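# Observations on the model geometry
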Amino acid sequence: MGNSQSVFTEQELNDYQELTYFTKKEILHVFKRFSQLNQDAVNQDKNAKLKRDEILELPELKVNPFKDRICQVFSSSKDGDMTFEDFLDMMSVFSDNAPKSVKVEYAFRIYDFDEDDMISSRDLKEVVDRLTGDQRLDDEDMQQLIDNIFEEADLDDDDSLSFAEFEHVISKAPDFVNSFRIRL
């Protein structure tokens, strides 16, 4: 790992440390994981933008039902492709050191499929479909589940969840932080 230290200047490492929830050593480890996704491209240019399909080779993303949304939300170009800085942001938010409030904000953005700053019944249906995989709920059970979620969480009865309503519900889920994580 000695030569990867020279990939970044001390100032770059300081900046990354300031902007993430990582130590310098962890930042270098994240860079190593990023570069393993496409060694040639990253060796040529540490600021290379890797294709979404390359990012999805990350084992933790490969198995995640929201992998496409995660890539899209963290991609600065919004197409799922990522630079190292995008990748570092993603890994930082999913790290153990990121505060719950930051995790909740990104979870909301990931679950907001139509990106209208609200989680609608359509968004919820997509979330549930992805979580249940092959054991999809029938229409009646799906509607019942969505109605129950709105009954519990939709405080202003507008048939969608605002960020504040979503945050309120997540605050009641003690296992949320553990499930919204990628270990280095």
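In this text, all values refer to a predicted model and were calculated from it rather than measured experimentally.

## Let's talk about the overall build of the protein chain
The helix and strand inventory of the protein chain stands at 12 helices and two strands. Seen along its three principal axes, the alpha-carbon backbone of the protein chain occupies a region of about 55 × 30 × 25 Å. Per-residue burial for the protein chain yields a buried fraction of 41% across its 184 residues. Taking the contacts inside the protein chain whose residues are at least 6 apart along the sequence as the reference set, 57% of them involve residues at least 24 apart.

## Section: the layout of surface pockets
In this structure, the largest pocket occupies an estimated 690 Å³ of space. Together, 27 residues line the largest pocket, and Y111, V127, L131, I170 and F176 are the ones closest to its centre. Breaking the lining of the largest pocket down by element, the ones donating at least two residues are helix 5 (59–62), helix 8 (100–111), helix 9 (121–132), helix 10 (139–153), helix 11 (163–170) and helix 12 (176–179). The element contributing the most residues to the lining of the largest pocket is helix 9, with four residues. Of the residues belonging to the lining of the largest pocket, the class tally is 22 nonpolar, two polar and three charged.

## What to know about the pattern of salt bridges
For the structure on display, the rule yields 14 salt bridges. Put simply, D96 and R183 hold a salt bridge, and the shortest N to O gap is 3.3 Å. With a gap of 87 residues between them, D96 in the loop between helix 7 (84–93) and helix 8 and R183 in the segment after helix 12 connect regions that are remote in the sequence. Here D96 falls in the partly exposed class, since its relative accessible area comes to 47%. A salt bridge links K125 to D129; the shortest N-O distance between them is 2.9 Å. In this pair, K125 and D129 are both assigned in helix 9, four residues apart and thus about one turn of the helix distant. Using a relative accessible area of 36% as the deciding quantity, one classes K125 as partly exposed.

## Quick notes on the confidence of the model for the protein chain
In low-pLDDT segments, the atomic positions of the prediction should not be examined closely. Taken over all residues, the pLDDT of the protein chain has a mean of 93, while the share at 70 or more is 97%. Mean pLDDT values over the elements of the protein chain span from 80, in helix 12, up to 98, in helix 7. Here residues 1–5 is modelled with pLDDT under 50, and outside its nearest four sequence neighbours on either side it reaches seven contacts, counting other chains as well.

Criteria and thresholds
- Residues numbered from 1 in each chain as written.
- Predicted model: local features only at pLDDT ≥ 70, side-chain atom pairs only at ≥ 80, totals over all residues.
- Heavy atoms only, no water.
- Helix = DSSP H or I, 4+ residues; strand = E, 2+ residues; numbered from the N terminus.
- Buried < 20%, exposed > 50% of the residue type's maximum accessible area, 1.4 Å probe, protein only.
- Contact = heavy atoms within 4.5 Å.
- 1 Å grid on protein atoms, 1.4 Å probe; cavity = no way out; pocket = protein on both sides within 12 Å on 5 of 7 lines; lining within 4 Å.
- Points joined across faces, edges and corners; volume = space filled by probe spheres on them.
- Nonpolar A, V, L, I, M, F, W, Y, C, P; charged D, E, K, R; others polar.
- Salt bridge = Lys/Arg side-chain N within 4 Å of Asp/Glu carboxyl O.
- pLDDT = per-residue confidence, 0-100.

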